[in-house]
Amino acid sequence: MELVTFNWNFTEFLSKKDHFKGSPYILIILNQPIQYPNNIFHTLWENAYLRICADGGANQLYDKFEGKYIPNYIRGDLDSLRDDVHQFFFLKGTEVQHVSEQDSTDFMKCIDLISIKEEKEEVENSSKYNVLAIGAFGGRFDQTMSNIHYLYKLKDERKIYLLSDKNMTFLLDKGKHNIFCDREIEGPACGILPIGVQRAILTTTGLKWNMTNVTTSFGVMISTSNILINDVITIETDVPVIWTVELQFK
Ligand SMILES: Nc1ncnc2c1ncn2[C@@H]1O[C@H](COP(=O)(O)OP(=O)(O)OP(=O)(O)O)[C@@H](O)[C@H]1O
Ligand SMILES: Cc1ncc(C[n+]2csc(CCO)c2C)c(N)n1
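In this text the structure is predicted, and so the values were computed from the model without any measurement.

Criteria and cut-off values
- Residues numbered from 1 in each chain as written.
- Chains lettered and ligands numbered in written order.
- Predicted model: local features only at pLDDT ≥ 70, side-chain atom pairs only at ≥ 80, totals over all residues.
- Heavy atoms only, no water.
- Near = heavy atom within 4 Å.
- Polar contact = N/O pair within 3.5 Å; in protein donor to acceptor, adjacent residues only side chain to side chain.
- Areas by Shrake-Rupley, 256 points an atom, 1.4 Å probe, with all protein chains shown as cover.
- Nonpolar A, V, L, I, M, F, W, Y, C, P; charged D, E, K, R; others polar.
- Pairing = 2+ DSSP bridges.
- Helix = DSSP H or I, 4+ residues; strand = E, 2+ residues; numbered from the N terminus.
- Axes fitted to C-alpha atoms, helices over the stretch in contact; angles between N-to-C directions.
- UniProt positions renumbered as here; feature names shortened; annotations may be inferred.
- Domains from an automatic or database assignment.
- Contact = heavy atoms within 4.5 Å.
- Buried area = accessible area lost by both parts, 1.4 Å probe.
- Salt bridge = Lys/Arg side-chain N within 4 Å of Asp/Glu carboxyl O.
- Buried < 20%, exposed > 50% of the residue type's maximum accessible area, 1.4 Å probe, protein only.

All right, on to the site of ligand 2 then. Every residue close to ligand 2 is listed here: Asp 77, Gln 102, Asp 103, Ser 104, Thr 105, Asp 106 and Lys 109. The contact in question runs from a nitrogen atom of ligand 2 to an N or O atom on the backbone of Gln 102, over 2.7 Å. One of the side-chain nitrogen or oxygen atoms of Asp 103 is found 2.7 Å away from a nitrogen atom of ligand 2. Contact with the protein chains removes 43% of the 440 Å² of surface that ligand 2 exposes when unbound. Taken together, the residues of the shell around ligand 2 break down into no nonpolar, 3 polar and 4 charged.

Before going further, it helps to examine the sheet that holds strand 9 (residues 175-180). On the basis of which strands lie adjacent, the open sheet formed by 5 strands has the order 1-9-14-11-12 and mixed pairing. Single-partner strands in this sheet number two, and they are strand 1 (5-8) and strand 12 (214-216). Between one strand axis and the next, the sheet turns by 30 degrees as a mean value, whatever way the strands run. Pairing of strand 1 with strand 9 involves 4 bridges; the strand directions are parallel. Across the sheet, residue Asn 7 finds its bridge partner in strand 9, namely Asn 178.

This part covers the UniProt feature "domain: Thiamin pyrophosphokinase thiamin-binding" (unreviewed entry) in the protein chain. Summarizing the sequence annotation, UniProt attributes the feature "domain: Thiamin pyrophosphokinase thiamin-binding" (unreviewed entry) to residues 175-241 in the numbering used throughout. Across residues 175-241 one finds 0% helix and 52% strand; the C-alpha atoms that close the span lie 10 Å apart.

Before going further, it helps to spend a moment on the domain arrangement of the protein chain. How big an interface is tends to be expressed through the accessible area that disappears when the partners come together. For the protein chain, the domain assignment lists domain 1 (11-165) and domain 2 (167-250). Taking only C-alpha atoms, the centre of domain 1 and the centre of domain 2 are 25 Å apart. Each side of the interface is counted separately: domain 1 has 18 residues, and domain 2 has 17 residues. Note on domain 1 versus domain 2: buried area summed over both sides is about 1400 Å², and carbon and sulfur give 69% of it. It is Thr 11, Tyr 152 and Lys 155 that lose the most area in domain 1 upon contact with domain 2, and together they represent 34% of the buried surface on that side. Note that Asp 173 is salt-bridged to Lys 155, the shortest N-O span being 3.6 Å. At the boundary of domain 1 and domain 2, one finds 3 residue pairs in polar contact (both at pLDDT 80 or more).

As a further point, take the pairing of strand 6 (residues 130-134). Judged by how many residues are buried, strand 6 sits mostly within the fold: 5 of 5 residues are covered. Because side chains alternate across strand 6, one face comprises the buried residues Asn 130, Leu 132 and Ile 134, and the other comprises Val 131 and Ala 133, equally buried. With 5 bridges joining them, strand 2 (residues 25-29) and strand 6 adopt parallel strand pairing. Pairing of Ile 28 across the sheet is with Ala 133, part of strand 6. The pairing of strand 6 with strand 7 (residues 160-163) spans 4 bridges and is parallel. Note that in strand 7 the partner of Ile 134 across the bridge is Leu 163.

Spatially, the 10 strands line up as an open sheet ordered 5-4-3-2-6-7-8-15-10-13, and their pairing is mixed. The sheet terminates laterally at strand 5 (95-98) and strand 13 (223-227), the two strands that pair on one side only. Ignoring which end each strand starts from, the neighbouring axes of this sheet average 20 degrees apart. Bridging between strand 10 (residues 186-193) and strand 15 (residues 241-247) involves 5 bridges; their strand directions are antiparallel. Residue pairing for strand 15: Leu 193 is matched across the bridge by Ile 242. Packing of helix 4 (residues 106-121) onto the sheet brings it into contact with strand 2, strand 3 (50-54), strand 4 (73-76), strand 5, strand 6 and strand 7, and relative to strand 4 it is tilted by some 125 degrees.

And the structure:
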């Protein structure tokens, strides 16, 4: 059977607003310090169709930029959102949504909001918004793993890019992938992680250590500390795996 081909181009999100031709995306700000250079954050913010803070993500936005950027929504169980930040953004017109349910994270609650809006706007399945979630990796390993878990849960729904200032990560579903890299920003280090699967059979091009029908599996062999050597990386996988690449903003 013909394998599905997917194309990925993260750096299109970094083109200046007037030149942005990528698919529309929604920016979710998670609760980790915002450490991008200001111009990079500004571009990610400006290019986004909507901006949502997951609970304490609003504290990070407020502390870093002192109210220069006003999100459309703050959503979560609101156990991390500070009162002063709540009050400030509320008065500036942000819609603050309290969802008390304790079986999904604030990140997932933000994705739920996107689905609710898409349903209302009658967005077709093929045009669902991509998501760029910043602050996805950091102190707590359970939070980091939960963010990755949602890549699996939502893989048939939309493209989700998990970001920190040092990493960019997304899920490669079963099939063929062309990953277009801007090596001024992405790499050199990268990895392909067979998380959530027994094993993955991988074939790659564009890496220093390529694989041809290699079985990778935790406890046996996984490809980490690999190196980008082309601007286009191709990866074929028989099951979903995680692609991760380091970022360097100069
Ligand atoms: N240390 C971390 N590493 C990675 N992601 C994080 C971390 N801390 C928070 N996040 C992300 O930010 C979101 C909002 O986090 P926040 O700290 O405001 O709420 P929380 O109550 O600790 O988390 P939750 O209720 O979602 O479990 C989380 O859902 C998660 O996706
Ligand atoms: C088996 C199981 N483990 C942990 C939690 C707790 N939990 C999961 S997500 C979340 C965050 C809510 O903002 C919390 C508290 C649960 N419900 N079920």
